[in-house]
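Each chain, letter by letter, is given below.
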Amino acid sequence: MKVTKPAKTDKHGNPIKVTRGTEARRVAEHINYISRSGKLEVETSAGEVLKGKQATTELYRDWIEKHDDARAAGMASDRTRITTSILFSMPGNTNATGVRDAVRALAEQEFGGRHDYAMALHTDTPHPHVHLTVRTVGHDGVKLNLRKADLQHLRDTFAEKLRQRGIEAESTPRHARGKTRRGESTPVYKIRQRGGKPYIDAKKRNEVRRDLERNNGVLPTHAWDAAIADRRNRVMRTYTGAVRILAQSDDPADRDLAQETERFTSRLTEVATQRTEIARSLEMPQSHGRTGGTTGHRGAEQSPKPGRGEEDRSRPGRGRER
């Protein structure tokens, strides 16, 4: 589950200014996209099932009128996002109808009676997924502002609704699954799908190249580098403690789980950031200086040392980030 944020730049890399006009175009395109130009059914918070270009266009017009009313009443401004888009996805072997029903139940529980919303199921990709689009300004004028805790609550609720429908699901944070990087934004993902090269790629490479040139081939370290390693080490300690307890159990199933958990944790070895990977790809000359950071690997940041008694699992070349 993730909130799909609108693009900040156009395909040429120019900033997109948030106005009533740009937002209206974005919402029109989004509704057209989730409905596949009116070919797919779109369910609304009013219990309606819309299909066809005319029906989805009327939904767009209704939401634009409500947004203009909110602007006139001082509950929204020209820079207020008209909608908030949330994507719910499951593996390819998951029952798509169950995924849709779970999202419908979640939407009614979390937004029903407070925010207008529309949802559409997509099954034309390897993973069945549902686009849930919520009108940002609620009926009471309160704006939807999803923070980190709210996102975890929605993940927990989604997993709960899936289990109620016989679909096995658990809600776990990204770092507990051994993933240190966030997923790409939807616009960037779509550009890659079409075989294009996102503008952000060149921008990041230029930033890394500039940092390396300014620091004699050494990539400067940042606070988040230490935070990633520290979080990884906390996860490792938790799993190691669980393995120790399970291995001492009289139940063979517990001991099997201990071995499986140990195999899983052995793969949690890489904490390299995207900046590090870009630096490695640039093939900068190895530095003998120590300005702005330290490294014994070409263009790679030196990961903070693990805590006392912990194995250092952050050395380059050991494992691969998924």
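Residues numbered from 1 in each chain as written. Predicted model: local features only at pLDDT ≥ 70, side-chain atom pairs only at ≥ 80, totals over all residues. Heavy atoms only, no water.

This part takes up the nonpolar core. Formed by 25 residues in total, the largest nonpolar core has its most connected members in Phe 88, Phe 111, Leu 132, Phe 158 and Leu 162. Elements supplying a minimum of two residues to this core: strand S4 (83–89), helix H3 (96–111), strand S5 (117–122), strand S6 (129–135) and helix H4 (148–164). When residues in this core are grouped by element, the largest group, seven residues, is from H3. If near-sequence neighbours (up to four positions away) are discounted, Phe 111 is found in contact with Ile 86, Leu 106, Tyr 117, Leu 132, Val 134, Leu 144 and Leu 154. Counting 13 residues, the second largest nonpolar core, distinct from the first, contains Val 27, Ile 34, Val 42 and Ile 64. (Core = buried A, V, L, I, M, F, W, Y, C linked by side-chain atoms within 4.5 Å. Buried < 20%, exposed > 50% of the residue type's maximum accessible area, 1.4 Å probe, protein only. Helix = DSSP H or I, 4+ residues; strand = E, 2+ residues; numbered from the N terminus. Contact = heavy atoms within 4.5 Å.)

With that settled, the discussion passes to the sheet that holds strand S3 (residues 49–50). If you walk across this open sheet you meet the six strands as S1-S4-S6-S5-S2-S3, and the pairing is antiparallel. Only two strands of the sheet have a single neighbouring strand rather than two, namely strand S1 (2–4) and S3. (Pairing = 2+ DSSP bridges.)

This next bit is on helix H9 (residues 274–282). Within H9 the residues assigned to the buried category are Arg 275, Thr 276, Ile 278, Ala 279 and Leu 282. Burial along H9 is one-sided: seen end-on, the buried residues are contained in an arc of 160°. (Arc of directions from axis to C-beta.)

Turning our attention to H4. Taking 1.5 Å per residue as the helical rise, H4 with its 17 residues ought to reach 24 Å, and the 25 Å between its terminal C-alpha atoms agrees with that figure. Residues Leu 151, Leu 154, Thr 157, Phe 158, Ala 159, Lys 161 and Leu 162 constitute the buried set of H4. In this structure, the buried side of H4 is in contact with S1, S4 and H3. Positive backbone phi, approximately 80°, marks Gly 166, located one or two places after H4. (Expected span 1.5 Å × (residues − 1).)

Okay, the pairing of S4 next. Here S4 lies mainly inside the structure; six of its seven residues are buried. Sheet topology places S1 next to S4; three bridges connect them, and they run antiparallel. The residue of S4 that forms the bridge with Thr 4 is Ser 85. Where S4 lies against S6, seven bridges are found, and the strand directions are antiparallel. Each bridged residue has a counterpart across the sheet, and for Leu 87 the counterpart in S6 is His 131.

Our focus in this paragraph is the packing of H3 against H4. Running from N to C, H3 and H4 cross one another at 130°; their axes reach a closest spacing of 9 Å. If you check the angle between H3 and H4, you find them oblique. Crossing geometry of H3 relative to H4 is assigned as right-handed. In this structure, H3 uses Gly 98, Val 99, Ala 102, Val 103, Ala 105, Leu 106, Gln 109, Glu 110 and Phe 111 to contact H4, whose residues at the interface are His 153, Leu 154, Thr 157, Phe 158, Lys 161 and Leu 162. Split into classes, the residues belonging to the contact of H3 with H4 amount to nine nonpolar, four polar and two charged. (Axes fitted to C-alpha atoms, helices over the stretch in contact; angles between N-to-C directions. Parallel < 35°, antiparallel > 145°, perpendicular 65-115°, else oblique. Left-handed = near helix turned anticlockwise from the far one by under 90°. Nonpolar A, V, L, I, M, F, W, Y, C, P; charged D, E, K, R; others polar.)

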